[in-house]
Amino acid sequence: MEKQLEQLARQGTEAIEQASDLNQLEQVRLDLLGKKGRMTAILRQMGQVPPEQRPALGALVNDVRNKLEEGLAKRQQQLSRLEMEQQLAAEKLDVTLPGRRPSRGAVHPISRVCRQIEDIFLGMGYSIEEGPDIESDYYNFVALNLPKNHPARDMQDTFYIGEEMVLRTHTSPVQVRTMERLAPAVPLKMICPGRVYRKDDDATHSPMFFQVEGLVVDKGISMADLKGTLQLFARQMFGEKQQVRLRPSYFPFTEPSAEVDILCTGCGGKGCRMCSHTGWLEILGAGMVHPRVLEMSGYDPRQVTGFAFGMGIDRVAMLKYGITDIRHLYQNDLRVLEQFEGGM
Ligand code: FA5
C-alpha cells in the first residue's frame, strides 16, 4: 500500500503537470482524488492493514493527498492565467478600423407635411385644435347639416361603432366642437389635423388617412378670403409659382361649396398622366359655412360668416414627394422610409 501511495504521488504529479487546460485538469483531479478515483480505491484496502501500521500509513495518505491538492491548485492557477491571456489576445481591438455608421431615424412623410401645414397656419394666426377619433353620429353628421337618412351620408362610407358612434369620416366634427366652445366670440381661426376613417381601399384611397380641417368665423368673411388663404398656403407648401382653382361642388355643411385644385406637381400644368392631362390635381373640399351649421353651434348667421376647408394630408404628401401609391405611406417598408432620412 505504501508503494501504491508513492506511485500515486509520482504519477499524479506528472499527470497534473501534463494537463493542458482546465477541463483536462478537472479530469485528472477526479481520477486521482474523486469518489471513484485512485485514492479512494487505495483507501478501501485500509481494512486489511494491521492496526499498528495504520497511523503511519494514515499520515502518508494525508501527505500524498496534500501534495496532490497543492499541485492541482497551482496548476489550476497557471492554466486560468493562460486561458485569460489567450482570451485577451483573441479579443484584441483594432482601433484603426473605421466605425460602423449608426442608422438614423427619419420623420415620416405624413408627420413632415403635417408639421409644415401647422407652421404655415400658425404663421397666419390660427390655433391648432383636436377632437376624438371615435365620434358621435351627432358631431360627425347631424351638426354638419346631415340628419339621419340624408342621402349625402353615402358620400363617405362609414365605419359604425354601434348605432350612435362612428370612426370619424372627416375632421369636420372638430369645427363644430370648436364653435360650440368659443361661440359667440370672434374671430375664430383654427386648424385641426388628425386621422380619419372610411371604407375605401385603392392606390389613392386608404381606409385610415389624414385630413386637416380649417375654419375661420368672423364678421364679413367671404369666398375671397377662402381663396386668398388657400393660395397663400399652396405657395408656401409647393412653391411661389403654385396656383389654386376652385370648382363648384356640394357639401351639406357649406354653401356655396367648392373643390380646390392645385397645378399638377408632375407637369406644372401642361398636362401629364398624373393629372389625367388636365394640368390640375384636387387636394381639398371647401366652402362658406352653411348658416344652419353656424346656428346649431351657437353663432348668429346674420352677424357672422365663415369659411371652412378639409384637406387630404396624404394627398399633399404624395404630390410633394412624388409618391404614386398611398399604401407606400402605411406599409412601413424601410426602403421607402429610408428615403426620408434627415430633415425636419
Ligand atoms: C370632406 O371630407 C369634407 N369634410 C371636406 C370639407 C371640409 C368640405 C370643410 C367643406 C368644408 P372629401 O370627402 O372630399 O371632403 O375629402 C377631402 C379630402 O380628403 C379629399 O380631397 C382627399 O384629398 C382626401 N381623401 C378623401 N378620401 C380619402 C382616402 N380614402 N384616402 C386618402 N385621402 C382621402
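Computed from a predicted structure; not experimentally measured.

Conventions adopted
- Residues numbered from 1 in each chain as written.
- Predicted model: local features only at pLDDT ≥ 70, side-chain atom pairs only at ≥ 80, totals over all residues.
- Heavy atoms only, no water.
- Helix = DSSP H or I, 4+ residues; strand = E, 2+ residues; numbered from the N terminus.
- Expected span 1.5 Å × (residues − 1).
- Contact = heavy atoms within 4.5 Å.
- Phe/Tyr/Trp six-rings, centres within 6.5 Å; stacked < 30°, edge-to-face > 60°.
- Buried < 20%, exposed > 50% of the residue type's maximum accessible area, 1.4 Å probe, protein only.
- Pairing = 2+ DSSP bridges.
- Salt bridge = Lys/Arg side-chain N within 4 Å of Asp/Glu carboxyl O.
- Core = buried A, V, L, I, M, F, W, Y, C linked by side-chain atoms within 4.5 Å.
- Axes fitted to C-alpha atoms, helices over the stretch in contact; angles between N-to-C directions.
- Parallel < 35°, antiparallel > 145°, perpendicular 65-115°, else oblique.
- Left-handed = near helix turned anticlockwise from the far one by under 90°.
- Nonpolar A, V, L, I, M, F, W, Y, C, P; charged D, E, K, R; others polar.
- Near = heavy atom within 4 Å.
- Polar contact = N/O pair within 3.5 Å; in protein donor to acceptor, adjacent residues only side chain to side chain.
- Areas by Shrake-Rupley, 256 points an atom, 1.4 Å probe, with all protein chains shown as cover.

(A) Molecular detail of helix H1 (residues 2-18). For H1, which comprises 17 residues, the first-to-last C-alpha distance of 24 Å matches the rise-based estimate of 24 Å (1.5 Å per residue) to within 8%. For H1, the elements touching its buried residues are helix H2 (22-33), helix H3 (38-43) and helix H4 (54-90).

(B) Quick look at the packing of aromatic side chains. For the coordinates displayed, the defined rule picks out six aromatic pairs. Chaining the aromatic ring pairs together yields one cluster made of Phe121, Tyr126, Phe233 and Phe309.

(C) Up close: the pairing of strand S5 (residues 188-197). Of all ten residues in S5, eight are buried, a share of seventy percent or more. Pairing analysis gives ten bridges linking S5 to strand S6 (residues 208-218), with the strands arranged antiparallel. Residue pairing across strands places Gly194 opposite Gln211, the latter belonging to S6.

(D) A look at the pattern of salt bridges. In total, this model carries 13 salt bridges according to the counting rule given. One salt bridge in this structure joins Arg168 and Asp133, with 3.5 Å as the shortest N-O distance. Placement of Arg168 in the loop between strand S4 (165-167) and helix H7 (173-182) and of Asp133 in the loop between strand S1 (127-128) and strand S2 (134-136) is noted, with a sequence separation of 35 residues between them. Note that Arg247 is salt-bridged to Glu259, the shortest N-O span being 3.5 Å. Here Arg247, found in strand S7 (residues 244-251), pairs with Glu259, found in strand S8 (residues 254-263); they are twelve residues apart in sequence, far enough to count as distant. Salt bridges sharing partners connect three or more residues here, namely Arg245, Arg247, Glu259, Asp261 and Glu282.

(E) A look at the pairing of S7. Pairing geometry for S7 and S8, over seven bridges, is antiparallel. Of the residues in S8, the one forming a bridge with Arg245 is Asp261.

(F) Main features of the sheet that holds S4. Strand order in the open sheet formed by three strands is S2-S4-S3, and the pairing between neighbours is antiparallel. The strands lining the two open edges of the sheet, one partner per strand, are S2 and strand S3 (160-161). Inspection of the sheet shows S2 paired to S4 by three bridges, in the antiparallel sense. For Glu135, the partnering residue across the bridge sits in S4 and is Val166.

(G) Up close: the nonpolar core. If you look at the biggest cluster of nonpolar residues, it comprises 46 residues, and the most contacted ones within it are Ile117, Phe309 and Met311. For this core, the elements supplying multiple residues, two or more each, are helix H5 (109-123), S5, S6, helix H8 (223-238), S8, strand S9 (280-289), strand S10 (305-312) and helix H10 (313-321). Ile117 has contacts with Ile191, Val212, Phe233, Met237, Met311 and Ile313, leaving out every residue within four places of it along the chain. Within the second largest apolar cluster, 23 residues are counted, among which are Val166, Leu215, Val217 and Val293.

(H) Inspection of the packing of H1 against H2 at higher detail. Two numbers describe how H1 lies on H2: the axes approach to 9 Å, and their chain directions differ by 165 degrees. With respect to each other, H1 and H2 are oriented roughly antiparallel. Along this stretch, H1 crosses H2, giving a crossing that reads as right-handed. For the pair formed by H1 and H2, the contact residues are Leu8, Gly12, Ala15, Ile16 and Gln18 on the first element and Gln24, Leu25, Val28 and Leu32 on the second. Here the residues of the contact of H1 with H2 are counted per class, giving six nonpolar, three polar and no charged.

(I) Highlighting the site of the ligand. Taken together, 26 residues lie near the ligand, and His170, Ser172, Arg198, Asp200 and Glu282 sit nearest. Ile283 places a polar main-chain atom, nitrogen or oxygen, 3.5 Å from an oxygen atom of the ligand. Between the ligand and Arg315, the relevant distance is 3.3 Å, taken from an oxygen atom to a side-chain nitrogen or oxygen of the residue. A total of 680 Å² of accessible area belongs to the ligand in isolation, and the protein chains cover 95% of it. Counting residues per element, the ones that place at least two in the shell around the ligand are S6, S9 and S10. Top element by residues in the shell around the ligand is S9. It accounts for five residues.

(J) View of the sheet that holds S5. The mixed open sheet is built from seven strands, whose spatial order is S1-S5-S6-S10-S9-S8-S7. Strands with a single pairing partner mark the edges of an open sheet, and in this sheet they are S1 and S7. Judged from the eight bridges that link them, S6 and S10 form a sheet pairing that is antiparallel. Bridging from a neighbouring strand, Val212 pairs with Met311 of S10. Each of S5, S6 and S10 touches H7; the most contacted strand, S5, lies at about 145 degrees to it. Across the face of the sheet, H10 comes into contact with S5, S6, S8, S9 and S10 while running at roughly 55 degrees to S10.

Function cannot be read off these values alone, since they describe shape.
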